[in-house]
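Listed below, chain by chain, are the residues.
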Amino acid sequence: MDGYNIFLVLLSVYIAGLVAIGWYFNKKQKSVTDFWLAGRRIGPSTLGFSAAASWLTAGGILAVIGYFMLQGMGSIWAFVAPNIAALLIIAVLVGKIKHLPAITQPELLEQRYGSIVRWPIALIITVVMILFAVADVTGLSLVLQIFYGLDPLYAAAIVAIAVSLYVTLGGLSAVVWTDVIQFGFLSLFTIGMAFTAVGTVADGGLQTAAISSSELFGNVSETWWNPFSIGFPMVLIFILAIIPGWITEQDPWQKVWAARDAKSASLGMIIGSLMIAVVFTACAVIAIALSSIYPEIVEMGFPAGMASAEPALLSFVNERFASAPLIIALSAIGLAAASMSCADTFATSGASCISRDIYQRYIKPEATMREMMVVNRISVLIIILAATAGSFVIPNIIDAIHIATFIASASYFFPLMGGLYWKRATKEGAFAGMVVGFTVQVALVALDLINTPPLSPYYLETVHPALMGHGVIVGMTLSAIAFFFVSLMTKPSSRVNLAPFFEEEAEKLARYEAREINEKDQVYTSFLKNVDEKVTGERTHLQLNLRASGNLSWHELVEKLKASSPAWVTPTGLDSVYRLTHGDMLACVAVTRGSGEKDIWLKAEPRLETVDRQRKELFTAYEELKKALGQKGVSLDFY
């Protein structure tokens, strides 16, 4: 059996295993929260593996090795350091974002500002996630082209088919658990290649002069080891250009929301950053060895040598294991795993915006859970197919990642972070910041790409160093000016919008308490027997499934509830109505459509110490719901 057929067999087995994981979790899904947030049950170690795997694309690994070969440690600010730093910063932000009752960032921003910002941010995040996924498809294309001479279309097909199969089946649960497997493959591959590359140099393999490992590392120049060799101003520009986009990237926030508690989320992000650091350390070792094996690449310098440095590891594997096709096939699987582990995350994150923030919010708010599960899966396919098409337009791996990052930084860093920490931020300011940042940044990227000759520094960098990164500093600055200026010139946000983000505002608003309930009352005790309770971390998940005797007009029902009590609010549209009775909005009762046309679900996620109070609050919400439907001659049954 030749090497290509060995690869196909291994790939088939690997994909079958991933699909089996997706099928397993498919049986456990009952709601949108289960699909997009894995039922909020993810532990710290699993979250850490997933966070690391999601940011370690095959193309990114190859590019990092290339950067290390040509620029040494000074290159860490372009990709390595921002990856590690962003996860650590998100670990610090967990306390602020974990308890917000959102599935997506556009939903969160609507809670903060109103509906005016939800659709534009959903579209922007969708574009950004597609661009990130492009890098994954492009990276695998490079791998298969060098190893087996395959057309890039094959790589696109492999990623599209594999990821769409297990993600559409299992949602985020499948993504997280397949990420654990995929990170295992990737880390074993990079660490194994580090030892192999150093061993090849020590043995004098591939027509190189044999030198010991101590000599190999001792011969590395001091300049190579200096992380500030590119100059402190350039370091600062990289930090300001990249980290804001990565700490506000939607996919790690969704994993924070999917964690079983805040401690698990924070610890998971820290674990993820450490795992990434291990892999990047192995990349640095590989780069040092490859620089000795391929000195002609290093002599070409940056950026001219990048086209040869990026695939250098693949060339090494091909030459070193020319007589061992199984090793080449396993290497291809390891890099395919890296591509899929990122593509699945970006597909899930982007698709959630299409499904929840566009379809359910604006097209069909009354959609049932069964309908939404179908839309969820179609949305995943849309992202994968768009990324596949994009991989033929943007062939540069790191450029695809950076363009996506810079658009994110300029578009919604200030509206998102400002909304979390600044009460005076308004919907008009957020909208202005997003529109200005997105428009300016897209224009700057287009200007830079059009005017840059092949294998040359980017046009804007030659105009002024501050314009590096496709001028993202300009885009962010103009976005910030628009956000702060317009916010200060417009009316402050309402207390309903501020309540989920600022506890003192929530306490002022939360004055509608549940009525007194006798815990020994037979009606109440019978009611509790139908409530599904699950303890996850620091919270209890309360779920009550109801079925109406007649057809429902969802819009009319929501309006009746809001008219019956000022406690009922719809901060994110008509698909969910909350009974806002205290500061912790995640613990407040939410009413949504169920699986069928006549199904209604009530849910709440109170902290363990307040679960008794929220059981009564759930009962009160049920009574008010029953009364509203009773006026239309419709009764409710438990199921």
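Residues numbered from 1 in each chain as written. Predicted model: local features only at pLDDT ≥ 70, side-chain atom pairs only at ≥ 80, totals over all residues. Heavy atoms only, no water.

Novice: I'd like a description of the overall build of the protein chain, backed by residues and values.
Specialist: Along the backbone of the protein chain there are 27 helices and seven strands. Taken over C-alpha atoms, the radius of gyration comes to 26 Å for the protein chain, in line with the 26 Å a tight globule of 639 residues would show. Taking the principal axes of the C-alpha coordinates as reference, the protein chain spans close to 85 × 60 × 40 Å. Residues counted as buried form 61% of the 639 residues belonging to the protein chain. Carbon and sulfur atoms make up 64% of the accessible area of the protein chain, which amounts to about 23600 Å² in all. Seen as two clouds, the 44 positive and the 49 negative side-chain charges of the protein chain have centres 13 Å apart. (Helix = DSSP H or I, 4+ residues; strand = E, 2+ residues; numbered from the N terminus. Rg over C-alpha atoms; globule rule 2.2 N^0.38 Å. Buried < 20%, exposed > 50% of the residue type's maximum accessible area, 1.4 Å probe, protein only. Areas by Shrake-Rupley, 256 points an atom, 1.4 Å probe, with all protein chains shown as cover. Lys, Arg positive; Asp, Glu negative; His and termini not counted. Charge placed at Lys NZ, Arg CZ, Asp CG, Glu CD.)

Novice: So what about empty space enclosed by the protein? Which residues, and what values?
Specialist: Where empty space is left in the structure can be found by rolling a water-sized probe over the atoms. Under the defined criterion, the tally for this structure stands at five cavities of 30 Å³ or more. Taken as a whole, the largest cavity encloses approximately 220 Å³ of empty space. Residue contributions to the lining of the largest cavity peak at three residues, all from strand β5 (residues 589-593). Of the residues contributing to the lining of the largest cavity, the split by class is twelve nonpolar, four polar and seven charged. (1 Å grid on protein atoms, 1.4 Å probe; cavity = no way out; pocket = protein on both sides within 12 Å on 5 of 7 lines; lining within 4 Å. Points joined across faces, edges and corners; volume = space filled by probe spheres on them. Nonpolar A, V, L, I, M, F, W, Y, C, P; charged D, E, K, R; others polar.)

Novice: So what's going on with the packing of aromatic side chains? Residues and values would help.
Specialist: Taken as a whole and judged by the stated rule, the model has 27 aromatic pairs. Taken together, a centroid distance of 4.9 Å and an interplanar angle of 80° make the contact between Trp224 and Trp225 edge-to-face. Since its relative accessible area comes to 40%, Trp225 is described here as partly exposed. Put simply, the rings of Phe413, Phe414, Trp422, Phe483 and Phe484 pair up and form one aromatic cluster. Positioned above the aromatic ring of Tyr421 is the side chain of Lys96, whose terminal nitrogen or guanidinium carbon lies 5.4 Å from the ring centre. Positioned above the aromatic ring of Phe321, the side-chain terminus of Arg320 is 5.0 Å from the ring centre. (Phe/Tyr/Trp six-rings, centres within 6.5 Å; stacked < 30°, edge-to-face > 60°. Lys NZ or Arg CZ within 6 Å of the ring centre and 35° of its normal.)

Novice: Account for the nonpolar core, with residues named and values stated.
Specialist: Of all hydrophobic cores here, the largest spans 179 residues; its most connected members are Phe68, Leu290, Leu313 and Met340. Of the residues forming this core, the biggest block, 21 residues, is contributed by helix α8 (residues 152-203). When neighbours within four sequence positions are excluded, Leu313 is seen to be in contact with Leu62, Ile65, Phe189, Met193, Ile286 and Leu290. In this structure, Leu561, Val589, Val591 and Leu625 belong to the second largest nonpolar core, which totals 30 residues. (Core = buried A, V, L, I, M, F, W, Y, C linked by side-chain atoms within 4.5 Å. Contact = heavy atoms within 4.5 Å.)

Novice: Go over the pairing of strand β1 (residues 532-536), please, and point to the residues and values.
Specialist: Regular strands have side chains that alternate between both faces of the sheet. With five bridges joining them, β1 and strand β2 (residues 539-548) adopt antiparallel strand pairing. Across the sheet, Thr536 pairs through a bridge with Arg539, a residue of β2. (Pairing = 2+ DSSP bridges.)

Novice: So what's going on with the side chain of His541? Which residues, and what values?
Specialist: In this structure, His541 sits in strand β2. Look at His541 and you get buried, because its relative accessible area is 18%. Every residue in contact with His541, bar those within four places of it in the chain, is listed here: Gly39, Arg40, Asp532, Glu533, Lys534, Thr536, Ala604 and Glu605.

Novice: Can you break down the packing of helix α1 (residues 3-26) against helix α17 (residues 325-363) residue by residue, with the values?
Specialist: The N-to-C vectors of α1 and α17 enclose an angle of 40°; their axes lie 9 Å apart at closest approach. Along this stretch, α1 crosses α17, giving a crossing that reads as right-handed. Counting all contacts with α1, which are made through Gly3, Ile6, Phe7, Leu10, Leu11, Tyr14, Ile15 and Leu18, the residues of α17 involved are Pro325, Leu326, Ala329, Leu330, Ala332, Ile333, Ala337 and Met340. In terms of residue class, the contact of α1 with α17 is made up of 15 nonpolar, one polar and no charged. (Axes fitted to C-alpha atoms, helices over the stretch in contact; angles between N-to-C directions. Left-handed = near helix turned anticlockwise from the far one by under 90°.)

Novice: If you had to explain the pattern of salt bridges to someone new, which residues and values would you point to?
Specialist: All told, the structure shown has 18 salt bridges when counted by the stated rule. The salt bridge partner of Arg579 is Glu617, with a shortest N-O separation of 2.6 Å. In this pair, Arg579 sits in strand β4 (residues 576-579) while Glu617 sits in helix α27 (residues 611-630), placing the two residues 38 residues apart along the sequence. One exposure class covers both Arg579 and Glu617, and it is buried. A salt bridge links Arg615 to Asp612; the nearest nitrogen and oxygen atoms lie 2.4 Å apart. Highlighted residues: Arg615 and Asp612, both in helix α27, separated by three residues, approximately one helical turn. (Salt bridge = Lys/Arg side-chain N within 4 Å of Asp/Glu carboxyl O.)

Novice: So what about the pairing of β4? Which residues, and what values?
Specialist: Judged by which residues are buried, β4 turns out to be covered on both faces: Ser576 and Tyr578 on one side and Val577 and Arg579 on the other are all buried. Pairing geometry for strand β3 (residues 568-569) and β4, over two bridges, is antiparallel. Note on β4: the bridge partner recorded for Val569 is Tyr578. With antiparallel pairing between neighbouring strands as the criterion, β3 and β4 make up a hairpin whose turn holds six residues, including Gly573 at a positive phi of roughly 100°. The sheet contact formed by β4 and β5 spans four bridges and is antiparallel. Following the sheet pairing, Ser576 is matched in β5 by Thr592.

Novice: Give me the packing of helix α7 (residues 118-148) against α8: which residues, what numbers.
Specialist: Running from N to C, α7 and α8 point in directions that differ by 125°, and their axes come no closer than 8 Å. The pairing of α7 with α8 is recorded here as oblique in orientation. α8 is crossed by α7, and the crossing has right-handed handedness. Taking contact as the criterion, the partners of Val137, Leu140, Ser141 and Leu144 in α7 are, on α8, Pro152, Ala155, Ala156, Ile158 and Val159. When the residues that make up the contact of α7 with α8 are grouped by side-chain class, the tally is eight nonpolar, one polar and no charged. (Parallel < 35°, antiparallel > 145°, perpendicular 65-115°, else oblique.)

Novice: Outline a nonpolar patch on the surface, supporting the account with residue identities and numerical values.
Specialist: The grouping of Val474, Leu478, Ile481, Phe485, Leu488 and Met489 at the surface amounts to a nonpolar patch, some 600 Å² of accessible area in total. Mapping Leu478 onto the fold places it in helix α22 (residues 468-489). (Patch = residues over 30% accessible without salt bridge, like charges linked within 9 Å, V, L, I, M, F, W, Y side chains within 5 Å.)

Novice: For unusual backbone geometry, give the residues involved together with the corresponding values.
Specialist: The phi dihedral of Leu206 falls on the positive side, at around 55°, and the residue is not glycine. Its location among the elements puts Leu206 in the loop between α8 and α9 (213-218). When its relative accessible area of 28% is taken as the criterion, Leu206 is described as partly exposed. The phi angle at His470 is positive, at roughly 55°, despite the residue not being glycine. Residue class for His470 comes out buried when judged on its relative accessible area of 3%.

Novice: Explain the environment of Leu542 to me, and be specific about the residues and the numbers.
Specialist: Here Leu542 lies in strand β2. With a relative accessible area of 1%, Leu542 lands in the buried category. Considering only alpha carbons, one finds Leu542 and Gly437, 105 residues apart in sequence, at a separation of 41 Å.

Novice: Before we move on, could you go through helix α13 (residues 262-293) and cite the residues and values that matter?
Specialist: The end-to-end C-alpha distance of α13, which contains 32 residues, comes to 47 Å, matching closely the 46 Å that a straight helix rising 1.5 Å per residue would cover. The residue sitting at the N-terminus of α13 and contributing the capping side-chain oxygen is Asp261; that oxygen lies 3.4 Å from the backbone nitrogen of Lys263. (Expected span 1.5 Å × (residues − 1). Polar contact = N/O pair within 3.5 Å; in protein donor to acceptor, adjacent residues only side chain to side chain.)

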